Amino acid sequence: MVEQLVINVGRKIRELRQQRTLSLRQLSEKVDVSPSAIHKIEQNLISPTLGTVLKIAKGLGTTLHSLMDEHIEEKDVVCLPKGKRRTVRVPDLKISIQSLAGGLASQSFSAVLLTISKGAKMKEREFRHQGEELQFCIKGRVKFTIRHETYVLKPGDSLCFKSHFRHYWENVGGTEAQLLMICAPPIHMGRSLNEG
């Protein structure tokens, strides 16, 4: 199931904001996004950037994963058949994110399949978050820059690093690329993902 990010998150953001009894202005002040922009996102009138969604998720004390999923029921065993995994396109980064794991009670990691368009790269800001990250290249060639060192992953290569270091990626191959990304603890926008 592939949908635009705005379709997945607009309604959920509005529901969470109302549950937390926050006005548009109050949320705006917490996340440094204008009230009119938040309103347009909630109404699915504009497609937000990933950075904007992460700011809003942080302000609401939730995760990107929970914004993507309609309902997260915590279980002791979770099976996600290929056709039932949620995939979200992130237009500003030219990637799609497919959730591979979620719904475990007290889950201590996050796992996603990143599909990166030819020529796409992380732009504007580098990312960092607490914990550790594993990147496993399934197809294509992806260059990672961590601090000032570069690493080019080809199919079968892996890269493991402390994710509090600023890091960013770029698809340097001639085709679409795919990465398996595992983070521990799970990336939680309310506590561990910082931009810039």
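All values derive from a computational prediction rather than experimental measurement. (Residues numbered from 1 in each chain as written. Predicted model: local features only at pLDDT ≥ 70, side-chain atom pairs only at ≥ 80, totals over all residues. Heavy atoms only, no water.)

**Quick word on the overall build of the protein chain**
Of the regular secondary structure elements, the protein chain holds 5 helices and 12 strands. Going through the 196 residues of the protein chain one by one, you find that 45% of them count as buried. Restricting to contacts in the protein chain with at least 6 residues of sequence separation, those with at least 24 account for 68%. Counting only carbon and sulfur atoms, one obtains 50% of the accessible surface of the protein chain, whose full area is about 10300 Å². (Helix = DSSP H or I, 4+ residues; strand = E, 2+ residues; numbered from the N terminus. Buried < 20%, exposed > 50% of the residue type's maximum accessible area, 1.4 Å probe, protein only. Contact = heavy atoms within 4.5 Å. Areas by Shrake-Rupley, 256 points an atom, 1.4 Å probe, with all protein chains shown as cover.)

**Thoughts on the side chain of Gln 178**
One can find Gln 178 in strand 11 (residues 177-184). Relative accessible area serves as the criterion here: at 18%, Gln 178 is assigned to the buried category. Engagement of the side chain of Gln 178 in a polar contact is seen with the side chain of Thr 115, the distance being 3.1 Å. With residues near it in sequence (within four places) discarded, Gln 178 still touches Leu 113, Leu 114, Thr 115, Phe 136, Cys 137, Ile 138 and Lys 139. (Polar contact = N/O pair within 3.5 Å; in protein donor to acceptor, adjacent residues only side chain to side chain.)

**Quick notes on the environment of Val 77**
Here Val 77 is to be found in the loop between helix 5 (64-68) and strand 2 (87-90). Considering only alpha carbons, one finds Val 77 and Leu 104, 27 residues apart in sequence, at a separation of 6.6 Å.

**Digging into the confidence of the model for the protein chain**
The predicted model of the protein chain has a mean per-residue pLDDT of 81, with 84% of residues at 70 or higher. Throughout residues 1-7 the model reports pLDDT below 50, and contacts reaching past four residues in sequence, or to other chains, amount to 24 contacts. (pLDDT = per-residue confidence, 0-100.)

**Considering the side chain of Glu 133**
As for its placement among the helices and strands, Glu 133 is situated in strand 6 (residues 132-139). Judged by its relative accessible area of 3%, Glu 133 falls in the buried class. Separated by 2.7 Å, the side chains of Glu 133 and Gln 135 make a polar contact. Dropping the residues within four chain positions of it, Glu 133 is found in contact with Leu 159, Cys 160, Phe 161, Ser 163, His 167, Met 181, Ile 182 and Cys 183.

**Side note on unusual backbone geometry**
A cis amide bond links Ala 184 with the next residue in sequence, Pro 185, at an omega value of -5 degrees. Within the secondary structure, Pro 185 sits in the loop between strand 11 and strand 12 (193-195). At Asp 32, a residue that is not glycine, the phi angle is positive and equals roughly 60 degrees. Structurally, Asp 32 can be placed in the loop between helix 2 (24-31) and helix 3 (35-42).

**Structural notes on helix 4 (residues 50-60)**
Among the 11 residues that make up helix 4, 8 are buried, leaving the element largely enclosed by the rest of the structure. Taken residue by residue, helix 4 has Leu 50, Gly 51, Val 53, Leu 54, Ile 56, Ala 57, Gly 59 and Leu 60 as its buried positions. The first or second residue beyond helix 4 is Gly 61, which carries a positive phi of 70 degrees.

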